[in-house]
Amino acid sequence: MSVPAELRELLLSRISDVPDYPQPGVVFKDITPLLADPTAFRALTDAFVDLCERFRVDKVVGLEARGFILAAPVAVAAGVGFVPVRKAGKLPGATLGQAYELEYGTAEIEIHAGALAPGDRVLVIDDVLATGGTADASLQLIRRAGAEVAGLAVLLELGFLDGRQRLEPGLKGAPLEALITV
């Protein structure tokens, strides 16, 4: 996806670097200034809505937690359903779960059983692509539910962490769209 320079600059200007958070040596990318700016937030939402239209999606999946903030308004604007992917144990009722490896152990994500129907075309939305573990697990979860991965879209890709390479097998040819790569 070729992002217009004006959009890229607007979005980048509203993302703050927070050094040594959540631990020393990490530079956290804070998107809350972008969310507080209605012009920037609208531009981001519109860019994701364009992807929904281009990929002909039926549902948008938002990854906990900042992915919820980005994906929900996209779903409303695109006229499609929104499905939250939560950490295990956070959803009531019957769920479908997917475990995945972390640098220091394992974790699990879940969706409501029946939230995705066979044949649904799904766009996964998140704020940052780092190592790709949660995103990869979400792709597996979507397919196990019988739905089709139409694509994965992120605001910011941290290219130096090689998340894109980790996701290649799980994407199975579906596009990965990053509005900004650093």
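Quick notes on the rules
- Residues numbered from 1 in each chain as written.
- Predicted model: local features only at pLDDT ≥ 70, side-chain atom pairs only at ≥ 80, totals over all residues.
- Heavy atoms only, no water.
- Pairing = 2+ DSSP bridges.
- Helix = DSSP H or I, 4+ residues; strand = E, 2+ residues; numbered from the N terminus.
- Axes fitted to C-alpha atoms, helices over the stretch in contact; angles between N-to-C directions.
- Contact = heavy atoms within 4.5 Å.
- Phe/Tyr/Trp six-rings, centres within 6.5 Å; stacked < 30°, edge-to-face > 60°.
- Buried < 20%, exposed > 50% of the residue type's maximum accessible area, 1.4 Å probe, protein only.

Peer 1: Where do I start with the sheet that holds strand E7 (residues 121–129) in this structure?
Peer 2: Strands belonging to one sheet form pairs held by backbone hydrogen bonds; the direction of such a pair is parallel or antiparallel. Read from one edge of the open sheet, 7 strands run E5-E6-E4-E3-E7-E8-E9, paired in mixed fashion. Taken across any chain shown, the strands that pair with only one partner, and hence form the sheet edges, are strand E5 (95–102) and strand E9 (176–181). Along the sheet, successive strands turn relative to each other by an average axial angle of 20°, direction set aside. Sitting on the sheet, helix H5 (residues 133–144) touches strand E3 (59–63), E5, strand E6 (105–112), E7 and strand E8 (148–157), and the angle it makes with E5 is about 150°. Running over the sheet, helix H6 (residues 163–171) touches E5, E7, E8 and E9 and is turned about 165° from E9.

Peer 1: Hey, could you run me through the packing of aromatic side chains in this one?
Peer 2: Each aromatic ring pair is specified by the distance between its two centres and by the angle formed by the two planes. Considering all chains together, one arrives at 2 aromatic pairs under this definition. Between Tyr-21 and Phe-28 the ring centres are 5.3 Å apart and the planes differ by 85°, which places this aromatic pair in the edge-to-face class. Residue Tyr-21 is classed as partly exposed on the basis of its relative accessible area of 47%. Where Phe-68 meets Phe-82, the ring centres are 6.3 Å apart and the plane angle is 85°; that geometry is what we call edge-to-face. Separated by 14 residues along the polypeptide, Phe-68 in helix H4 (residues 66–78) and Phe-82 in strand E4 (residues 81–87) bring together distant segments of the chain. When its relative accessible area of 31% is taken as the criterion, Phe-82 is described as partly exposed.

Peer 1: Before we go on, may I ask you to explain unusual backbone geometry in this structure?
Peer 2: Negative phi values dominate among residues other than glycine, just as trans dominates among peptide bonds. The step from Tyr-21 to Pro-22 runs through a cis peptide bond, and the omega angle for that step is 5°. Its place among the elements puts Pro-22 in the loop between strand E1 (16–19) and strand E2 (27–30). Note that the residue after Glu-64, namely Ala-65, is joined by a cis bond; omega there is 0°. With respect to the helices and strands, the residue Ala-65 is situated in the loop between E3 and H4. Of note in this structure, Asp-20 is not a glycine but carries a positive phi near 60°. Examined against the element boundaries, Asp-20 turns out to sit in the loop between E1 and E2.

Peer 1: Just to check I follow, could you spell out the environment of Thr-134 for this structure?
Peer 2: Inspection of the secondary structure puts Thr-134 in helix H5. Given the relative accessible area of 27%, Thr-134 is considered partly exposed. Each C-alpha atom, one on Thr-134 and one on Ala-113, is 19 Å from the other, the two residues being 21 residues apart in sequence. Beyond its immediate sequence surroundings of up to four residues, Thr-134 is in contact with Leu-63, Tyr-100 and Ile-109.

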